[in-house]
Amino acid sequence: MAEVQLERRGSVAVLTLDNPPVNALSVALLTSLAQHLAAGLKEPAIKAFVLTGAGKIFVGGADIREFGKPRPPDAPTLAEIIEKIENARVPFVAAINGVAAGGGLELALACHARLAAPAARLGLPEVKLGLLPGAGGTQRLPRLVGVEAALEMIVSGELKPAQAGLELGIVDAVAGGDLLTAAVAHAETLAAAGKPPRKTREIGGKIAAANAKPDLFAGWRKETARRFRGYEAPQRCIDCVEAAVKLPFAEGLKAERAAFLERVGSEQSKALRHVFFAEREVAKIPDVPPDTPTLPIKSAAVIGCGTMGGGIAMNFANAGIPVTVVESTKEALERGLAIIAKNYAATAAKGRLGQAEMEKRIGLIKGASSFEEIKGADIVIEAVFEEMEIKKEVFAKLDAIAKPEAILATNTSTLDVDAIAAVTKRPEKVIGTHFFSPANVMRLLENVRGKKSSKETIASVMALSRRIGKIGVLVGVCDGFVGNRMLHAYTRQANSLILEGALPHEVDKVIYDFGFPMGPFAMGDLAGLDVSWRIRKRRLAEGGDNHPAYIVGDRLCELGRFGQKTGAGWFRYEAGSRTPVPDPLVEELILKASAELGITRRKIGGEEILERCMYPLINEGAKILDEGLALRASDIDIVWINGYGFPAYRGGPMFYADRIGLATIAQAMRRLHEQHGAILRPAALLERLAAAGKGFGEP
Ligand code: CAA
Ligand code: NAI
């Protein structure tokens, strides 16, 4: 039950905001706060107020779940409450006991003094939801910390630790010990001084300083457009801070309000709010309850220290977990460990890691050349070559050596986790942990549930994902799991499009403009074209089909053009540059391939390119969902945003599909099916939902 509790401490009224889990400012909480304020402000015996939060958080912001829902007409707004507090005749002190985010910090900024616990964090993260601070944050923060510091906080949305908040001037003091007692004492002192309370809106010095820098806002707009390409909210945040500088306070507040309302109704904010909740939903597994016991992971081992193994080991070290890496030869081990050390040194050189911390992390990674040395590990992650026979051999050995309770995980990207589990006597402890390259950077982790993976193994690996800073998504066993299976559907169409008439740079431009960091061809060049070439050759040898779509990709590989690593692939790369340059030789290969296949090339517009790439991707997602390989549509969105750079402001492919309307997509897929055959058959789930007028988010 959301409510505010009032406690008298002498002449000070302590108001504790209590609305678990994050004390979000719901209508119910605001109503209760408004009632206490109305009564308390009339009482002469109350000489000051302290505002604090129950539990570990001060206030996590407005209640995001209530956005876009009808509000009772007489419900008090946060802005009204803030107005009352700032204009009160008696002082208000915010006792910031934990996170003060969004509307929570805005509430604190309206108080006349702020004290923070050392572990508190302060910020205005609204921009991450496609919004901007809507209750005076863009007007008051610059007055306290200066325009540039405020812009950095509001545009990035990052939370600052209490100490940084003190240095910036957001809080008046960081109070170790009993925060509430300190806040009450501070409130008493302010009340005793008898001066009118200090209003943040009246602090002018730092705002005036910005007028001396005429190019400041233009510079921020330009840099922000680069840093947050495609995102609308960061620009609107800058507009509002500019209003704080150029307009009187009340006018600035009005401009902020109008911008906030525009943002709440925007498509981008709807998408980003969906992503916020999707990121939290993903941890919930219907048949693995939150109280499922997990294996405490105190030490880890990684088998194979190549591209993936090295990055995986770094994740453990970064989280403070000792990790042993095993390689097949001394040379390979030395090479792998040297790359890890080089990666850490590069991070340190950029100033993102201190020397001592770097050494500590490197010290947590131990190289080994024998499996004997992983005996004590709680989890072993295998990242050797992608060959079933090698994987089986490794797992049989691991099963014999690793302690009985240890989890044995595989980083395979294409092989059957159940077949790997079957060579062990502990298939319930075997699971896939599919990291994305570079494994120490990419946030996504597809945790692949085998037929026999136990609930404890699943819960342990999901918890571990969080601990090592990843977003773990539980998926089922199938070719390519969720992400790569969908990627395949998408790149296949991109490859068909170039045979029908488009060129790689044209396809890439459409995808880049849509918001991906790069198009499918530049991505192929980055990942290495030989990887998928080898997979295609293996499948062909195993009797699989050789789709003509890949004819040009195969020929590039035959020419030794593997992408960036060989200086050429779909594009050319100047020495030392990662910028793709269209290559006439590739165009020639493409035209020749079209002719050989008897295809008359035609002009293909941007809209068609986008549909051809995105609708089959969505269609494959629908099949995955129908087959139960992903738990929910929003999990697929999380996979694509965090693993493949799908623009978060479009909410992920399944959310995007819902916004377009499944009837439209189903109709387009029927047309494509007719034109291109079985590969583009509309998914049954897509047809069912479209017929019922529903979306993936509401099956
Ligand atoms: N509204 C509604 N629910 C919220 C919420 C909010 N502002 N913030 C968190 N929650 C919910 C989460 O969905 C989650 O719910 P479930 O347990 O049902 O999944 C639960 O609270 C716990 O959240 P976390 O797992 O994120 O908890 P945490 O302790 O790791 O982090 C936090 C706490 C830092 C506050 C983090 O939740 C967060 O960043 N929240 C969003 C903060 C934010 O963006 N606030 C701005 C809101 S907009 C605004 O305030 C506009 C304005 O100016 C008026
Ligand atoms: P890699 O070739 O860079 O590294 C594999 C390493 O394993 C080599 O250093 C090799 O010496 C070592 N190795 C081979 N057999 C071994 C054994 N028996 N004992 C100990 N070490 C052994 O390969 P990469 O790219 O790191 O891939 C590893 C696994 O990760 C594969 O299963 C791959 O499919 C998967 N994967 C790869 C991704 C990528 O982008 N490279 C992405 C996601 C998964």
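Rules behind the numbers
- Residues numbered from 1 in each chain as written.
- Chains lettered and ligands numbered in written order.
- Predicted model: local features only at pLDDT ≥ 70, side-chain atom pairs only at ≥ 80, totals over all residues.
- Heavy atoms only, no water.
- Buried < 20%, exposed > 50% of the residue type's maximum accessible area, 1.4 Å probe, protein only.
- Helix = DSSP H or I, 4+ residues; strand = E, 2+ residues; numbered from the N terminus.
- Pairing = 2+ DSSP bridges.
- Near = heavy atom within 4 Å.
- Polar contact = N/O pair within 3.5 Å; in protein donor to acceptor, adjacent residues only side chain to side chain.
- Axes fitted to C-alpha atoms, helices over the stretch in contact; angles between N-to-C directions.
- Contact = heavy atoms within 4.5 Å.
- Core = buried A, V, L, I, M, F, W, Y, C linked by side-chain atoms within 4.5 Å.
- Salt bridge = Lys/Arg side-chain N within 4 Å of Asp/Glu carboxyl O.

Caption draft 1: Fine view of the pairing of strand 6 (residues 113-116). Alternating residues of strand 6 divide into Ala113 and Leu115 and Arg114 and Ala116, and every residue in both groups is buried. Direction of pairing for strand 4 (residues 92-96) relative to strand 6: parallel, over a ladder of four bridges. The partner of isoleucine 96 across the bridge, within strand 6, is alanine 116. Of the strand pairs in this sheet, strand 6 and strand 9 (residues 173-174) are connected by two bridges, and their pairing is parallel. In the sheet register, leucine 115 faces strand 9, and the bridge partner there is alanine 173.

Caption draft 2: Layout of the site of ligand 2. Around ligand 2, the structure places 20 residues, and the nearest of them are Met308, Glu327, Glu386, Lys391 and Ser413. Glutamate 386 is positioned with one of its side-chain polar atoms (N or O) 2.5 Å from an oxygen atom of ligand 2. Between ligand 2 and lysine 391, the relevant distance is 2.5 Å, taken from an oxygen atom to a side-chain nitrogen or oxygen of the residue. Put simply, the parts of the chain that give the shell around ligand 2 at least two residues each are helix 13 (307-318), helix 16 (388-401) and strand 15 (430-435).

Caption draft 3: Just the sheet that holds strand 8 (residues 160-161), in detail. The strand order across the open sheet built from three strands is 5-7-8, with neighbouring strands paired in mixed fashion. Where the open sheet ends on each side, the last strands, each with one partner, are strand 5 (100-101) and strand 8. Note: strand 5 against strand 7 (residues 121-123), two bridges, orientation parallel. Counterpart to alanine 101 in the pairing with strand 7 is glycine 123.

Caption draft 4: Spotlight on the sheet that holds strand 11 (residues 323-326). Read across the sheet, eight strands follow the order 12-11-10-13-14-15-16-17 without closing on themselves; strand pairing throughout is mixed. On the outer flanks of this sheet lie strand 12 (365-368) and strand 17 (471-476), each paired with one strand and no other. Within the sheet, the average angular offset between the axes of one strand and its neighbour, ignoring direction, is 25°. Where strand 10 (residues 300-303) lies against strand 13 (residues 379-382), four bridges are found, and the strand directions are parallel. Residue pairing across strands places isoleucine 303 opposite glutamate 382, the latter belonging to strand 13.

Caption draft 5: The arrangement of the environment of arginine 449 in detail. Among the structural elements, arginine 449 can be located in strand 16 (residues 444-449). Note on arginine 449: relative accessible area 24%, which makes it partly exposed. A C-alpha to C-alpha distance of 5.7 Å links arginine 449 and isoleucine 431, two positions 18 residues apart in sequence. Contact partners of arginine 449, with chain neighbours within four places excluded, come to Ile285, Asp287, Val288, Ile458, Leu474, Val475, Gly476 and Val477. Polar contacts involving the side chain of arginine 449 include one to the side chain of aspartate 287, which spans 2.7 Å.

Caption draft 6: Representation of the nonpolar core within the structure. With 83 residues, the main nonpolar core has Met614, Trp640 and Phe696 as its most contacted residues. Ranked by the residues each element gives to this core, the list is headed by helix 25 (residues 606-626), at ten residues. Setting aside its immediate chain neighbours within four residues, phenylalanine 696 contacts Ile618, Ala622, Leu625, Ala633, Met654, Ala657, Asp658, Leu662, Leu685, Leu686 and Leu689. Core analysis: the second largest hydrophobic core is formed by 70 residues, Ala2, Leu17, Phe49 and Ile82 among them.

Caption draft 7: Molecular detail of the pattern of salt bridges. Under the definition given, this model contains 52 salt bridges. Among the ionic pairs, lysine 254 bridges to glutamate 251, the shortest N-O distance being 3.8 Å. Linking lysine 254 with glutamate 251, this pair stays in helix 11 (residues 249-264), spanning three residues, or about one helical turn. Here lysine 254 falls in the exposed class, since its relative accessible area comes to 57%. Glutamate 281 is the salt-bridge partner of lysine 284, the closest N and O atoms lying 3.3 Å from each other. Several salt bridges converge on common partners, so that one network encompasses Arg221, Arg236, Asp239, Glu242 and Lys246.

Caption draft 8: Structural view of the environment of alanine 348. Examined against the element boundaries, alanine 348 turns out to sit in helix 14 (residues 330-349). Sequence spacing of alanine 348 and methionine 358 is ten residues, and the spatial spacing of their C-alpha atoms is 7.2 Å. In this structure alanine 348 touches Leu353 and Met358, once residues within four positions along its chain are discounted.

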